[in-house]
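Listed below are the residues making up each chain.
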Amino acid sequence: MIKAIYPGSFDPITYGHLDIIERGLGVFDHVVVAVAHNIEKRGLFNLEERKALIQEAVRDHSRVTVDSFEGLLVDYVERVGGNVIIRGLRATSDFEYEFHMASINRHLNERFDTFFMMTAKDYFFVSSRTIKEVAMLGGSVKGLVPENVERALKIKFKTLVD
Ligand code: ADP
């Protein structure tokens, strides 16, 4: 059984992420969406909120689980019995960072390979960051994030503005 770990910030999850998860299921037996807990990087949604949003978005997929981790990714992968790491690639600008991350992870633990999946053409311009910016300025993010995320963004920015 091949268990793939898909790590990231997921602040919040987008259709770009979901597309990688769904395509990952076509290749691997099980996908663990692992939300990175970074104390220095405070996001819009906290860890529990991010996990809950992902959980709801993947509820129809029985071979997906949602988890979080702190510390080194390769240690986490080892701990949960993962076999591979999945990352998504959008533009060439993603490549350099991803190449470095995959290389350092390989250096730290050469048992795990990183598999890259290219973004779907509909989502190459979608990032959590731009989604937050658009939502904050009152623009529509319909069709770019799951509906539960759309609702959560509306609530979050209303509370922030109020
Ligand atoms: P991180 O902060 O670790 O980059 P993200 O949540 O931004 O976490 O992204 C997690 C992974 O998903 C990364 O590999 C990123 O390149 C990928 N990803 C993000 N958005 C998309 C998208 N629209 N299409 C394909 N992959 C994506």
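From a predicted model like this one, the values you see are computed outputs, not experimental measurements.

Enquirer: Go over helix α5 (residues 128-136), please, and point to the residues and values.
Expert: Turning to α5, its buried residues number three or more, namely S128, I131 and A135. Buried residues of α5, viewed axially, fall in a sector of 60°; they line one side. Exposed positions of α5 whose direction lies more than 90 degrees from the buried face are R129 and M136. Trailing α5 by a residue or two, G138 shows a phi angle of about 85°, which is positive.

Enquirer: I'd love a proper account of the layout of surface pockets, names of residues and values included.
Expert: Approximately 1400 Å³ is the volume found for the largest pocket. Contributing to the lining of the largest pocket are 50 residues, with G8, S9, F10, K41 and R87 lying nearest its centre. Contributions of two or more residues to the lining of the largest pocket are made by β1 (3-8), α1 (15-25), α2 (47-57), β4 (84-89), α4 (92-108) and α5. Sorting elements by how many residues they give to the lining of the largest pocket places α4 first, with 8 residues. Considered class by class, the residues forming the lining of the largest pocket number 21 nonpolar, 16 polar and 13 charged. For the second largest pocket, the full set of lining residues is Y15, L18, E22, E56, A57, R59, D60, H61, P146, E147, N148 and R151. Elements represented by at least two residues in the lining of the second largest pocket include exactly α1, α2 and α6 (147-161). Looking at the lining of the second largest pocket residue by residue, the class counts come to 4 nonpolar, 2 polar and 6 charged.

Enquirer: Any details on the site of the ligand? Residues and values, ideally.
Expert: Surrounding the ligand, one finds 17 residues, the nearest of these being Y6, S9, G88, Y123 and V126. Side-chain polar atom of R87 to an oxygen atom of the ligand: 3.1 Å apart, as the coordinates give it. For the ligand, whose free accessible area comes to 550 Å², the fraction covered by protein is 89%. In a pocket analysis with a 2 Å cut-off to the grid points, the ligand is assigned to the largest pocket. The set of elements that each furnish at least two residues to the shell around the ligand consists of β1, α1, β4 and α4.

Enquirer: Describe the environment of A34, and please don't skip the residues or the numbers.
Expert: Here A34 is to be found in strand β2 (residues 30-36). Classification of A34 as buried rests on a relative accessible area of 0%. Counting along the chain gives 44 residues from A34 to E78, while the straight-line C-alpha distance between them is 13 Å. Apart from the residues within four sequence positions on either side, A34 is in contact with I5, Y6, P7, G8, F10, D67, F69 and Y76.

Enquirer: Talk me through the packing of aromatic side chains; I want residue IDs and the actual numbers.
Expert: A full pass over the atoms with the stated rule returns 6 aromatic pairs. Taken together, a centroid distance of 5.0 Å and an interplanar angle of 25° make the contact between F69 and Y76 stacked. Of the two residues, F69 and Y76, neither departs from the other in class, the shared state being buried. Here F95 and F99 contribute two aromatic rings whose centre-to-centre distance is 5.5 Å and whose plane-to-plane angle is 20°, an arrangement assigned as stacked. One end of the pair, F95, and the other, F99, are both in helix α4, 4 residues apart, so they sit about a helical turn from each other.

Enquirer: How would you sum up the side chain of H17? Please name residues and give values.
Expert: Take H17: it is sitting in helix α1. Judged by its relative accessible area of 17%, H17 falls in the buried class. Not counting the four nearest positions on each side in its chain, H17 is found in contact with Y6, F10, P12 and S128.

Reading the values: rules and limits
Residues numbered from 1 in each chain as written. Predicted model: local features only at pLDDT ≥ 70, side-chain atom pairs only at ≥ 80, totals over all residues. Heavy atoms only, no water. Buried < 20%, exposed > 50% of the residue type's maximum accessible area, 1.4 Å probe, protein only. Helix = DSSP H or I, 4+ residues; strand = E, 2+ residues; numbered from the N terminus. Arc of directions from axis to C-beta. 1 Å grid on protein atoms, 1.4 Å probe; cavity = no way out; pocket = protein on both sides within 12 Å on 5 of 7 lines; lining within 4 Å. Points joined across faces, edges and corners; volume = space filled by probe spheres on them. Nonpolar A, V, L, I, M, F, W, Y, C, P; charged D, E, K, R; others polar. Near = heavy atom within 4 Å. Polar contact = N/O pair within 3.5 Å; in protein donor to acceptor, adjacent residues only side chain to side chain. Areas by Shrake-Rupley, 256 points an atom, 1.4 Å probe, with all protein chains shown as cover. Sits in = over half its atoms within 2 Å of the grid points. Contact = heavy atoms within 4.5 Å. Phe/Tyr/Trp six-rings, centres within 6.5 Å; stacked < 30°, edge-to-face > 60°.

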